[in-house]
Amino acid sequence: MAANSFKAFFHHRFDTWLKRRVPSRSHHQLSRQNIFIMPTKFGFAYLLFVFLLFLLATNYQNNIIMLMSYLLASFFISVMMHSFYNFSGLGFQSTAKHSGFAKQTINVPVTIIATKQHFDLTLSFAKQPKQLKQSKQSKQQQQKIYLEQCHAGNTEVVLPYMAKQRGTVNIGRIKIASEYSFGLFVAWAVLDFSHQITVYPQPKKINANQYRLAGQDSQNANSTNYANQSAGLDDFSELKNYVLGESRARIAWKQFARGQGRYTKHYQSQQGSLPWLKLSEMPSANLESQLSYLCYLVLEYSHSEQRFGLDLTVNGSSSASDVDKKFAPNVGFVHQNACLTALANFKQRARES
Amino acid sequence: MINNTDQTLSFNLPKNSAWLLWGCQLVNISSLAAELSTWMLAILALCLCWQALLLSRQKASNVSPNVGSAIKLDAVRMSPFILMLLAISGCIAIAVSARSFGVLIAMVHLLTFAYALKAFEIKKRKDFYQHSLLGVFLLACALIFKQDLGFSLFILLLLVINLTLIHQAFAKRNSLFNASKTVVILLLQSSLLAITLFVVFPRLSPFWQVPMANSAKTGLSDVVSPGDIANLALSSELAFRANFKGESIPAYSTLYWRAMTLENYDGRKWTRANNNEQGQHNTKAKQQGFNPTTSGTAISYQVIAQPSFQPWLFALSVATTTDPKLVLKQDYTIQSTTIVNQLKHYQIKSYPDAPLALSLSQQSRQRNLAIKPGSNPKLEQLAVDLKAKHPNSLALSQAILATFREQKYYYTLQAPMLINNSLDQFYFDTKAGFCVHYASSFTYLMRAAGVPARVVTGYLGGEYNDESNDASSEDNSSQGGHLSIYQYDAHAWSEIWLEGTGWYRVDPTAAVDPERVSKGWSSALLAQQSELNSDFISLYRIKQLAWLNTLRLKLDAINYQWTRWVLGYSAKQQYDILKRWFGQSMPWKTAAIIAMALMLAMALFTLFYWLSGAKNSKHKVSPAQAVYNQCLTALAKKGFTKERHQTTQQFSLVIHEQLPHLSADFTELTSVFECLHYQQYSEQEQLALMAQLAKKVRDVTKALKSVSAMSHDMKKVSSITNNKKYKNPQQ
């Protein structure tokens, strides 16, 4: 217990120092400010070896072996400079916000900007996710990206992040390390890009039998709408004049071929009145499953370009904080993202109080 | 190039690196090959062949097709059971033969065996590291046995190869040449600090006793029979070197380097008198040491003796020294306190005019008069006759020498064998022999005639090498070079004791072959030697070709300087130099010097990287781009500039319209350039495409010459029409 608190204290101090020295930015350039360099285990073994050679030379009073041990000792210093200069000068760039679904690998792209050739780069996340430590299924604790060689120019690498739970996660710093050359030194940098990942709940497909969709805002609506399994653009409604920019798939080619002019076909799908996706109506008892079902539905509706609204209130009673729990019926990419984000960040009222 | 594996779990090497590992083992083991026994060499060769077999059978694995063919080093693995069996049997074999080898050589055997076997077991990266460090340690061990300049440079080369191997593990795509270039540059950059440390870092005395090399003895032995030194004389190995430090070198005929005196004769061979006298010396004189009485002028010189694994050291007569590691013997010879198993440097002050042992003890006299009666009856009779004729000892000796000179006596390497080493047979019948024959029979005669006499062995003369003459010697008459004494200079002569003079040197060889004593071997002798010995290029032939001889002398001089300055840089020498430079407060100044050297090295390193970085920033374009730009500039001269906003495709369309006869070539050029610029190719394909691109550019520039430069207006018009075209891309 004491050890843990000491460790925590130490980490805290180190983190504050690190924040001051390597502040968060979207573009980092490696220089003396943010590079750390230390001998590896092999480096220490090498030093021991050089000392052993020195002992050998002294005991045998052999000058040439002594010269060799001095040469190897100063070689150690040269390799330190060499490793440092291989590492420094690299530029890294990454956008701050990313999103993805739970229990899936979310890719965080990082762009490497180099002016010369660099060797042996390893990228990974600096913080070990606490959940991974407990799982014994995966042998590898962390996914690391390894670059053997990095040519001059821009290279894009993708760091995979396995998201276990929904929510907004600060994944912390990215650690870039290099053991070039000879493996004697490890030069590393922990860079903060203020990465924030919004993890949406894992979409779970909902069974048709379990599901009833409330048609309207009012209580007694009982529409005959079923879950639309396929995106239906069923019925042809009208022809309109072709406007420049419309999809070529919509053009009424028959009419065009006949010389009647350019028209585009418009369809209508059968929709009931604006549906509300309500948390309270999800079949499962588990909150997470409910959110998962909602997520799936949000995705389906957005994909079929139908309007929907999202209601995440628990008891049906409105209060001041309901403003971010109810999303007015809308369609589009922004609406979808807003809904998914709300689902990701949903916290049960009981927990808050 | 980008893969997602955890590197520490399994260790992969690309194919050429795996072969480099194999080659590394081969050269590391070969550096120690002279010290290993034949059966061990056979086992190692077997191991290496097995590895080579496994390597060559390994097909390219599917780990990362981008890296060429990567080999998982577990392909080279044997089953651990077989490996264990082999290891144990090897250890037992080494333990059994350790007794005959000595501890050091047994250790070396064990090390090389472990090194060869470890290569079968490289699974993880730390195994690879251990293996590499073991290889470098083997190189260091090789330096225990041989340290001359050539070998040291060879070891340096092997060190570079070993380091390149480690480097390759981290830069797998790099060609071997680039990797070794990086290593060599790094070593050069570290040499500054290394040399400073070597000069300045305090030299410590040995921490504990270590097993020394225990090789076969070379050089003079303390048991001499007729014909022994003739055998030794077939060798052209270096025995020792002497440096007179700018003083004039004594004449050749006075350079009698005494090694040991042989006073016991049993009728067949001469041996050292090491019982009574030495025993006395050890108990009583150990504290005092033997102090020879000196008189006359002194010559100071430094001798560097090659390892002979015997205790004899060489000096001109009546030698004194202040070196505590040397022992002065009662018979005016010098020995080392320990066996000479490494190069030994020692300082001697000799008084050539001082007499040796003006008084002779009764014991000594008895010993030096003892002959085995009946072993050589004819000689005994002759001695009695001569004594009657010449009562004076000196005259007697002159008479014997006159016999040698006037009668038909031959000095030859191929003396006929003597039955029972009979000196009678030599003196009266065969009359042909080498130095021991003459010295032996002379000594016997003198003893039989009642004059105490003994045989002295050592070396005579030495080759003067002026090439190592330091430029700093201002005096023209002084000879700054050094003397090299080889095994073929080994010699045996005689000393007789005269009342009032002490031990007086008489060399019968001077009577038989005066050239030998005044200048060295006659060409006849050299020719004889070259026929008899097994040298690849005999010394005789080398000495005949002037330029080859000069080359040999130059190499010898370089080796000498190396031996003297680097190998001989002892603690005392360091102390002297540092005292001269720093005066007081040596430790602080030493530390300061080391720190300065460190910072200077790092500063130079930084400078080096700034310069190479500046060089890099100029080369931002890839070679393909550079070639394409060449073409563009050529076209621009004719009036066809590619606008910044135009893509390569657009520009090729422009060319297609303006210069139709160029268009085919130029379109192809553009497409090749785009391939090179935007796609990844292997090295070979890249080269092929670059060649194609270059060819196209040449064709285009050639064809361009026929086009006259377009006027400025026409160019404007063409660019306007071009812009109109690209308004509606969908048409």
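What you see is a predicted model, and the numbers here were worked out from it, not measured in a lab.

What counts, and at which threshold
- Residues numbered from 1 in each chain as written.
- Chains lettered and ligands numbered in written order.
- Predicted model: local features only at pLDDT ≥ 70, side-chain atom pairs only at ≥ 80, totals over all residues.
- Heavy atoms only, no water.
- Helix = DSSP H or I, 4+ residues; strand = E, 2+ residues; numbered from the N terminus.
- Buried < 20%, exposed > 50% of the residue type's maximum accessible area, 1.4 Å probe, protein only.
- Areas by Shrake-Rupley, 256 points an atom, 1.4 Å probe, with all protein chains shown as cover.
- Patch = residues over 30% accessible without salt bridge, like charges linked within 9 Å, V, L, I, M, F, W, Y side chains within 5 Å.
- Salt bridge = Lys/Arg side-chain N within 4 Å of Asp/Glu carboxyl O.
- Core = buried A, V, L, I, M, F, W, Y, C linked by side-chain atoms within 4.5 Å.
- Contact = heavy atoms within 4.5 Å.
- Phe/Tyr/Trp six-rings, centres within 6.5 Å; stacked < 30°, edge-to-face > 60°.
- Lys NZ or Arg CZ within 6 Å of the ring centre and 35° of its normal.
- Lys, Arg positive; Asp, Glu negative; His and termini not counted.
- Charge placed at Lys NZ, Arg CZ, Asp CG, Glu CD.
- pLDDT = per-residue confidence, 0-100.
- 1 Å grid on protein atoms, 1.4 Å probe; cavity = no way out; pocket = protein on both sides within 12 Å on 5 of 7 lines; lining within 4 Å.
- Points joined across faces, edges and corners; volume = space filled by probe spheres on them.
- Pairing = 2+ DSSP bridges.
- Axes fitted to C-alpha atoms, helices over the stretch in contact; angles between N-to-C directions.
- Polar contact = N/O pair within 3.5 Å; in protein donor to acceptor, adjacent residues only side chain to side chain.

## Here's the deal with the overall build of chain A
A count of helical and extended segments in chain A gives 8 helices and 17 strands. Buried residues in chain A amount to 45% of all 353 residues. Accessible surface, chain A as shown: approximately 19400 Å² in total, 52% of it carbon and sulfur.

## What to know about a nonpolar patch on the surface
Residues and elements named next belong to chain B. Taken together, Leu192, Leu600, Leu604, Leu607, Trp610 and Leu611 make up a surface patch of nonpolar side chains, about 620 Å² in accessible area. Here the nonpolar patch takes 5 residues from helix α21 (residues 586-618), the largest share from any one element. Along the chain, Leu607 falls in helix α21.

## Some words on the nonpolar core
Most often, soluble globular proteins have nonpolar side chains that are buried together. Ile65, Phe92, Leu123 and Phe182 of chain A together with Phe128 of chain B are the most contacted members of the largest nonpolar core, which has 135 residues in total. Of all the elements, helix α3 (residues 63-87) of chain A adds the most residues to this core, at 14 residues. With sequence-adjacent residues up to four places away left out, Phe128 of chain B is seen in contact with Phe11, Leu13, Leu21, Ile122, Leu165, Ile166 and Ala169 of chain B.

## A short note on the environment of Leu139 of chain B
Inspection of the secondary structure puts Leu139 of chain B in helix α5 (residues 125-145). A C-alpha to C-alpha distance of 13 Å links Leu139 of chain B and Ala34 of chain B, two positions 105 residues apart in sequence.

## Some words on the packing of aromatic side chains
Ring pairs (aromatic) are described by centroid distance and by the angle formed between their planes. Per the stated rule, a full pass over the model turns up 48 aromatic pairs over all chains. When the ring of Tyr409 of chain B is compared with that of Phe426 of chain B, the centres are 6.3 Å apart and the planes differ by 55 degrees; the resulting orientation is tilted. You can see Tyr409 of chain B sitting in the loop between α12 (393-406) and β14 (410-411) and its partner Phe426 of chain B sitting in helix α13 (residues 423-430), a full 17 residues away along the chain. One aromatic cluster is present, formed by Phe404, Tyr409, Tyr411, Phe426, Tyr427, Phe428, Phe434, Tyr438, Tyr486, Tyr488 and Trp521 of chain B through successive ring pairs. Here Lys175 of chain A stacks its cationic end above the ring of Trp188 of chain A, 5.8 Å away from the centre of that ring. Directly above the ring of Trp503 of chain B sits Arg454 of chain B, whose terminal nitrogen or CZ lies 3.9 Å from the centroid.

## Focus on a positive patch on the surface
Taken together, the side chains of Lys41 of chain A together with Lys123, Lys124 and Lys126 of chain B present a region of like positive charge at the surface. Tracing the chain through its elements places Lys126 of chain B in helix α5. Owing to a relative accessible area of 51%, Lys126 of chain B belongs among the exposed residues under this scheme.

## What about the confidence of the model for chain A?
Residues and elements named next belong to chain A. With 80% of its residues at a pLDDT of 70 or more, chain A shows a mean pLDDT of 77. For chain A, helix α4 (residues 130-134) is the element with the lowest average pLDDT, namely 43, and helix α2 (residues 41-60) is the one with the highest, namely 93. When the criterion is pLDDT under 50, residues 213-231 qualifies, and its contacts beyond four places in sequence or with other chains add up to 23 contacts.

## Observations regarding the environment of Leu197 of chain B
Inspection of the secondary structure puts Leu197 of chain B in helix α7 (residues 176-200). Spatially, the C-alpha atom of Leu197 of chain B lies 63 Å from that of Thr403 of chain B, the residues being 206 residues apart in sequence.

## Describing empty space enclosed by the protein
Left-over empty space is what a probe sized like a water molecule reveals as it rolls over the atoms. One pass over the structure, following the stated rule, counts 4 cavities of 30 Å³ or more. Taken as a whole, the largest cavity encloses approximately 70 Å³ of empty space. For the lining of the largest cavity, the elements supplying multiple residues, two or more each, are α2 and α3 of chain A together with α5 and α6 (149-168) of chain B. The element contributing the most residues to the lining of the largest cavity is α2 of chain A, with 3 residues.

## Here's the deal with the sheet that holds strand β11 (residues 326-328) of chain B
Residues and elements named next belong to chain B. Read from one edge to the other, the open sheet built from 3 strands follows the order β9-β12-β11, with strand pairing classed as antiparallel. A strand with exactly one partner marks an edge of an open sheet, and here the two such strands are β9 (312-313) and β11. Across 2 bridges, the pairing between β9 and strand β12 (residues 334-336) is antiparallel. By the bridge assignment, Trp312 is partnered in β12 with Gln335.

## Section: the interface of chain A and chain B
Listed per partner, the contact involves 52 residues of chain A and 64 residues of chain B. Across the chain A-chain B interface, the total number found is 1 salt bridge. A salt bridge links Glu179 of chain A to Arg125 of chain B, with the nearest nitrogen and oxygen atoms 2.7 Å apart. Residue assignment for the side of chain A that touches chain B shows that the elements contributing at least two residues are α2, α3, β6 (118-125), β7 (145-150) and β8 (153-162) of chain A. Sort the elements by how many residues they give to the side of chain A that touches chain B and α3 of chain A lands first, with 18 residues.

## Considerations on the sheet that holds strand β17 (residues 326-330) of chain A
All names here are of chain A. Ordered by their spatial adjacency, 3 strands build an open sheet running β15-β16-β17, and the pairing between neighbours is mixed. Each of the sheet's edge strands pairs with one partner strand only, and the pair in question is β15 (276-278) and β17. Going from strand to strand, the sheet's axes swing by 15 degrees on average, the running direction of each strand aside. The pairing of strand β16 (residues 308-311) with β17 spans 3 bridges and is classified as antiparallel. Residue Phe308 lies in a different strand from β17, and its bridge partner there is Asn330. Contacts between helix α7 (residues 333-345) and the sheet are confined to β16 and β17, with β17 contributing the most and set at about 155 degrees to the helix.

## Considering the side chain of Ser289 of chain A
All names here are of chain A. Here Ser289 shows up in helix α6 (residues 287-303). Ser289 sits in the buried class, given a relative accessible area of 10%. Here the side chain of Ser289 touches Lys204 through a polar contact of 3.3 Å, side chain to side chain. Excluding anything up to four places from it in sequence, Ser289 contacts Lys204 and Ser284.

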